[in-house]
Amino acid sequence: MSITQLPLLQQLVLVLAAIVLFTSFVLLAQARLVSAIHAFAWQGGLAAAVTGVVAVAGHSPHLYFSALLTLLLKALLIPWMLHRLVHRLELDRHVDLLRRPALVVMAAVGLVIFSYWLVLPMVQQELAFTRNIVAISLAVVLIGLLMMVFRQQAVVQVLGFMSMENGLFLAAVSATGGMPLVVELGVAFDVLVAMVLFGVFFFQIRANIDTLDVDRLNRLTETGGEEP
Amino acid sequence: MDYLLIASSWGLALLQALLFAALAPLLVGWVRKVKAWLQNRRGAPLLQPYRDLYKLLGKEVRVAHTASVLFRAAPYVVFIATWLAASAVPLVAVALPTAAIADIIVVVGLLALARFFLALAGMDVGTAFGGMGASREMLVSALAEPAMLMAVFTLAMTAHSTNLASVVDAQLAGGLVLRPSYLFALGALVLVALAETGRIPVDNPATHLELTMIHEAMILEYSGRHLALMEWAAQVKLLLYGVLIANIFLPWGIAGSLAPADLVLGLAAVALKLLALGAALALAETVLAKMRLFRAPAFLNLALLLALLGLLGHVILEVGA
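Definitions and cut-offs
- Residues numbered from 1 in each chain as written.
- Chains lettered and ligands numbered in written order.
- Predicted model: local features only at pLDDT ≥ 70, side-chain atom pairs only at ≥ 80, totals over all residues.
- Helix = DSSP H or I, 4+ residues; strand = E, 2+ residues; numbered from the N terminus.
- Rg over C-alpha atoms; globule rule 2.2 N^0.38 Å.
- Buried ≥ 20, exposed ≤ 12 C-beta atoms within 10 Å, placed from the backbone.
- Contact = placed C-beta atoms within 7 Å.
- Nonpolar A, V, L, I, M, F, W, Y, C, P; charged D, E, K, R; others polar.
- Core = buried A, V, L, I, M, F, W, Y, C linked by C-beta atoms within 7 Å.
- pLDDT = per-residue confidence, 0-100.
- Axes fitted to C-alpha atoms, helices over the stretch in contact; angles between N-to-C directions.
- Parallel < 35°, antiparallel > 145°, perpendicular 65-115°, else oblique.
- Left-handed = near helix turned anticlockwise from the far one by under 90°.
- Expected span 1.5 Å × (residues − 1).

Enquirer: Can you lay out the overall build of chain A for me, pointing to particular residues and giving the numbers?
Expert: The secondary structure content of chain A amounts to eight helices and zero strands. Along its sequence from the N terminus, chain A presents helices and strands in the succession α-α-α-α-α-α-α-α. Taken over C-alpha atoms, the radius of gyration comes to 19 Å for chain A, in line with the 17 Å a tight globule of 228 residues would show. Considering chain A as a whole, with its 228 residues, one finds that 40% of them fall into the buried category. Taking the contacts inside chain A whose residues are at least 6 apart along the sequence as the reference set, 72% of them involve residues at least 24 apart.

Enquirer: Talk me through the overall build of chain B; I want residue IDs and the actual numbers.
Expert: Helix and strand counts for chain B come out as twelve helices and zero strands. Put simply, chain B runs from its N terminus to its C terminus through helices and strands in the order α-α-α-α-α-α-α-α-α-α-α-α. For 321 residues, the compact-globule estimate of 2.2 N^0.38 gives 20 Å, and chain B sits close to it at 20 Å. Overall, chain B is about 60 × 50 × 45 Å in size when its C-alpha atoms are taken along their principal axes. Taken over 321 residues, chain B has a buried fraction of 48%. Contacts in chain B between residues at least 24 apart in sequence constitute 79% of all its contacts with a sequence separation of at least 6.

Enquirer: Describe unusual backbone geometry, listing the residues and the values that go with them.
Expert: All names here are of chain A. At histidine 59, a residue that is not glycine, the phi angle is positive and equals roughly 50°. Within the fold, histidine 59 resides in the loop between helix H2 (33-58) and helix H3 (62-88). Residue histidine 59 is classed as exposed on the basis of its 7 C-beta neighbours within 10 Å. One non-glycine residue with positive phi stands out, namely glutamate 90, at about 55°.

Enquirer: Give me the interface of chain B and chain A: which residues, what numbers.
Expert: Counting residues at the interface gives 18 residues for chain B and 25 residues for chain A. At the level of secondary structure, the elements contributing two or more residues to the side of chain B that touches chain A comprise helix H8 (180-196) and helix H12 (296-319) of chain B. Per-class residue counts for the side of chain B that touches chain A are twelve nonpolar, four polar and two charged.

Enquirer: So, the nonpolar core: which residues are in play, and what are the values?
Expert: Val50(A) and Ala188(B) are the most contacted members of the largest nonpolar core, which has 166 residues in total. Here this core gets 16 residues from one element, more than from any other, and that element is helix H10 (residues 224-249) of chain B. If we skip the residues at most four places from it in the chain, Ala188(B) touches Ala147(B), Met150(B), Ala151(B), Ala303(B), Leu306(B), Ala307(B) and Gly310(B).

Enquirer: Hey, could you go over the confidence of the model for chain B for me, with residue numbers and the actual values?
Expert: For chain B, the average pLDDT comes to 90, and 99% of its residues sit at 70 or higher. Here the complex is predicted with pTM 0.90, and the ipTM for its interfaces comes to 0.88.

Enquirer: Hey, could you go over the packing of helix H3 (residues 69-87) of chain B against helix H5 (residues 104-124) of chain B for me, with residue numbers and the actual values?
Expert: Residues and elements named next belong to chain B. At a minimum axis distance of 8 Å, the contact between H3 and H5 shows a crossing angle of 160°. As summarised for this structure, H3 and H5 are arranged roughly antiparallel, according to the angle between their axes. Here H3 runs over H5; the crossing is left-handed. Mapping the contact onto sequence places Leu70, Phe71, Ala74, Val77, Val78, Ala81, Thr82, Leu84 and Ala85 in H3 and Val107, Leu110, Leu111, Leu113, Ala114, Phe117, Leu118, Leu120, Ala121 and Asp124 in H5. The residue inventory of the contact of H3 with H5, partitioned by class, reads 17 nonpolar, one polar and one charged.

Enquirer: Go over H10(B), please, and point to the residues and values.
Expert: In a regular helix each residue adds 1.5 Å, so 26 residues correspond to 38 Å; H10(B) covers 38 Å between its end C-alpha atoms and thus fits that length. The buried count for H10(B) comes to 22 of 26 residues, which makes it a mostly enclosed element.

Enquirer: Outline the environment of Ala121(B), supporting the account with residue identities and numerical values.
Expert: Residue and element names in this part refer to chain B. Considering the arrangement of structural elements, one finds alanine 121 in helix H5. By the C-beta count within 10 Å, which is 27 here, alanine 121 ends up buried. Residues contacting alanine 121, with those up to four places away along its chain left out, are Leu70, Phe71, Ala74 and Met218.

Enquirer: Got a sec to walk through the environment of Gly58(A)? Specific residues and values, please.
Expert: Residues and elements named next belong to chain A. Note that glycine 58 resides in helix H2. Note on glycine 58: 17 C-beta atoms within 10 Å, which makes it partly exposed. The sequence separation of glycine 58 and glycine 167 amounts to 109 residues, and the corresponding C-alpha distance is 20 Å.

Enquirer: Give me the packing of H2(A) against helix H6 (residues 154-176) of chain A: which residues, what numbers.
Expert: Residues and elements named next belong to chain A. It is at 10 Å that the axes of H2 and H6 come closest, and there the two elements cross at 10°. When the axes of H2 and H6 are compared, the pair comes out roughly parallel. For the pair H2 and H6, contact is made by Leu33, Ala36, Ile37, Phe40, Gln43, Gly44, Ala47, Val50, Thr51 and Val54 and by Val155, Val156, Leu159, Met162, Ser163, Asn166, Phe169, Leu170, Val173 and Ser174, respectively. Partitioning the contact of H2 with H6 into residue classes produces 14 nonpolar, six polar and no charged.

Below, the structure written as structure tokens:
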């Protein structure tokens, strides 16, 4: 289905989904911790906006609730918690530079093409308009994974993990019109609990190795045996 | 009757090209005026760029001993190439014969020709500043050009043509369609335009600070009418990018036919769009700080990424199966 045949609201969904993908790239390449948290908050807000517009376009009122939940949790509460954590860990001005940023970003572009290739057979089945977004959400998931592989800083890795969850949520909303409410609530609280646990872990890691650079964890296990 | 139509459309094309050259200093004056207002100054009058050009055109030309013929020829080449590029961009009306001869790739090529001669002229005299400016300009343009072409290809894929008039026509015929690819292409083109016209995050047009200047460093040795032509060319280039952005992404109001009422409406519409764009540029220049030169590649990488996402967004989201 070409975009010109779609109603305006569904076009808006496509535009918002594309911007979600862009925020994924911003997260991937963002060096400043606080700005990365802001980018994550924007991504959550946009995912909520996608849900809201899908709800309006598809007349599915149960999606309003999930949009509200996403907005509160992913755009406000989790970023606020992360912000407070970063402040308490005194990482406000921390800069975590990506090694070879251009190459990593190109790898992410490759992932977008790969996920499009994966989804292609599904899109060709002449299904609803939102199926096109599955490729985008898959790309968001894969870029989150890429972020966890390439970034060394623990907080940024958590951001990558959370943005993977955003991608899954986007896929659920666009492909099937949202998950059942029970599942959605369960996932939301899982994420929240994960966030709290991550916070505890940050302090543990920091107390043990004096930094949140996860690469040091490796080095410690290698030299750990020699220490008295 | 047929001859009359052809003659009138060519006449209009010529008029539009003259309008480009005539309006360019006004846009610069407007941007400076808004910037002055934002800084709580009264600022120079709106017509000051015209006065500067007039003054420079009347002044004696001084040329360094070491300068070759190239140094004298460069201002004319730069101005004519930029002006020719501008004449292919639809300003007031779409259906003009100039748009049929030159597509957007020719426009990019003509701008590259102008930049090539500008850089050569910068190095010709052999001063340190000229060479430095030329090398910086080449660094910026080598990164900006792929991003620009990629953004242009995104538009061309939607319109199935690289011709600017067809792109505008396709946009007008489709009515209001929210296209993710256009959004990204707009972002990429804005970043490229800022870099190519030497505006603030990349270059500062208002200073002659030796460590940071790019464009000013290359034309440091020029005086008199040569300098006037160089500055005028830079102003035409700014107007070209402004019109390109305004008329491709928001083509509404542009004259589809050659009827006088349509043309007046088209002129008013483009003037309004340029006023808004100029004010936005002045606001951006007031809010943003100039980047270090070595940050410029990251800035232009962002433009390239946006253009790439535009292309991918077009393929993934807009074509469908």
